[in-house]
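Read off the chains here:
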Amino acid sequence: MKPEDVEYEPVSVKDVLAEMKDTAELLIDLSFSAVLNGSDDIAREVLELEERMDVLKLQGRMSLLMAARSTEDAEQLSSVLGVVGAAEKIANAAGDIAKVVMEDIGLPDAMRSALPEAAEMLVRATAAADSDYTGRSLADINMETETGVRVIAIRRQSVTGKRRWILNPNRETTLQENDVLLLRGPQAGIQTVFETVTTSPYEPPEIRESPIEDLERAVDSIILMKDMSELAVDLAYGSVLFDSEDVAEEVKELEAEVDALKSRFEAWVLRAAERVDDPVQLRGLVHIASATEVISDAALEISEGVLRGIDAHPVVAAAVEESDEIIVRLHVGPGCSLANETLGDRMVKTETGMRVIAVRRADGREWVVQPGPMTELKPDDVIIAKGTRAGAERLGELLNDPQTFDE
């Protein structure tokens, strides 16, 4: 279905919001992976999903407009319309990033050299008929535990030729022949899983180091902007879904940091332009930086209703019920068992099931985005983690910051 073919029909706003959230988060991953891997195939997936987001936007807006019955409804629904509009902006920005690859706008080799620096990689793999995974459920495969790689989405084509996306597949999801899997994880695990899924060898993208220091700094800035923008979106949805002003404030600060990074990026690109043979090859970097800033701005728009103290419409609470994961903000208690320990040494993810997505140091001036196994937790740090309610309660116990949730 194309956006111009959409007509009003009763749809669940809750389901539309949930799908827009999942699609927006996936689009950020895919668009940057297309750039880092130089993959036209992944870029095409981005543009297809962007079109799907346009349909969801129209369905959501029409349903919300039909739902308004009073001025009170209009006030509450305005923040939901803001969430819908911001998700569309994220999709459009991701599409702009993908077009840098599709239209060969120009990227320096230094962009590829940033790939090993990324905490995780994302690749596209098509399930072969004779793959050991085909016909098995994700629970049976136990992929993430054994390799560190997870399936974040599946594009499946029916016998009639219609395509559909399975976002956030669960343990019961069974892989089928010709499924297009989007895999995310460390490079070593990606290689193993890709070869098992496709029964073909994995060929990592060619890496070339840049001799220009300012250009390397510009690329590093974009990667950090991407990480912070992605985190901001994650936290923004969390602030809305759980009506948390604290988390919304974190989004506001991240957005300001992305703006500051973009200013530094512009300075380094201008310096690098004097030293490259063809400055036109830097156009792609400029496009990506601008689109990334749009993503962080959109994250702030998602949180705007929370920051203004506007009560969320009940449809948002209904969307929360569709989510198996929550986002929590916890303090590292001075005497807790995790203080002065690394995430890897204590195997926090294994022990609690919670993924720590950011650490804000006690002085309030430093963020550790996408912390790794070597990240040390210090007394009075603030951590942002994502996972189940049970996992959040367990992590809270370890941090001396008890968490309780209503059933």
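Residues numbered from 1 in each chain as written. Predicted model: local features only at pLDDT ≥ 70, side-chain atom pairs only at ≥ 80, totals over all residues. Heavy atoms only, no water.

Looking at an unreviewed UniProt entry, the protein carries the name Potassium channel protein, with the source organism given as Halogeometricum borinquense.

Even without glycine at this site, Asn178 takes up a positive phi of about 75 degrees. Along the chain, Asn178 falls in the loop between strand S3 (163–167) and strand S4 (180–185). Classification of Asn178 by relative accessible area gives exposed; the value is 51%. (Helix = DSSP H or I, 4+ residues; strand = E, 2+ residues; numbered from the N terminus. Buried < 20%, exposed > 50% of the residue type's maximum accessible area, 1.4 Å probe, protein only.)

A turn of α-helix holds 3.6 residues, and therefore any two residues three or four places apart point the same way. End to end, helix H10 (residues 283–307) covers 36 Å across 25 residues, agreeing with the expected 36 Å (1.5 Å per residue, within 8%). Along its length, H10 shows its largest kink, about 25 degrees, at Glu301. Positive phi appears at Gly309, one or two residues downstream of H10, with a value of about 75 degrees. (Expected span 1.5 Å × (residues − 1). Bend = angle between axes of the 7 residues up to and from the residue.)

Attention shifts here to the pairing of strand S7 (residues 355–360). With respect to burial, S7 is a largely interior element, five of its six residues being buried. Alignment of S7 against strand S10 (residues 382–387), held across five bridges, turns out to be antiparallel. By the bridge assignment, Val359 is partnered in S10 with Ile383. In terms of strand pairing, S7 meets strand S8 (residues 367–369) through three bridges, oriented antiparallel. The residue bridging Arg360 from the neighbouring strand is Trp367, located in S8. (Pairing = 2+ DSSP bridges.)

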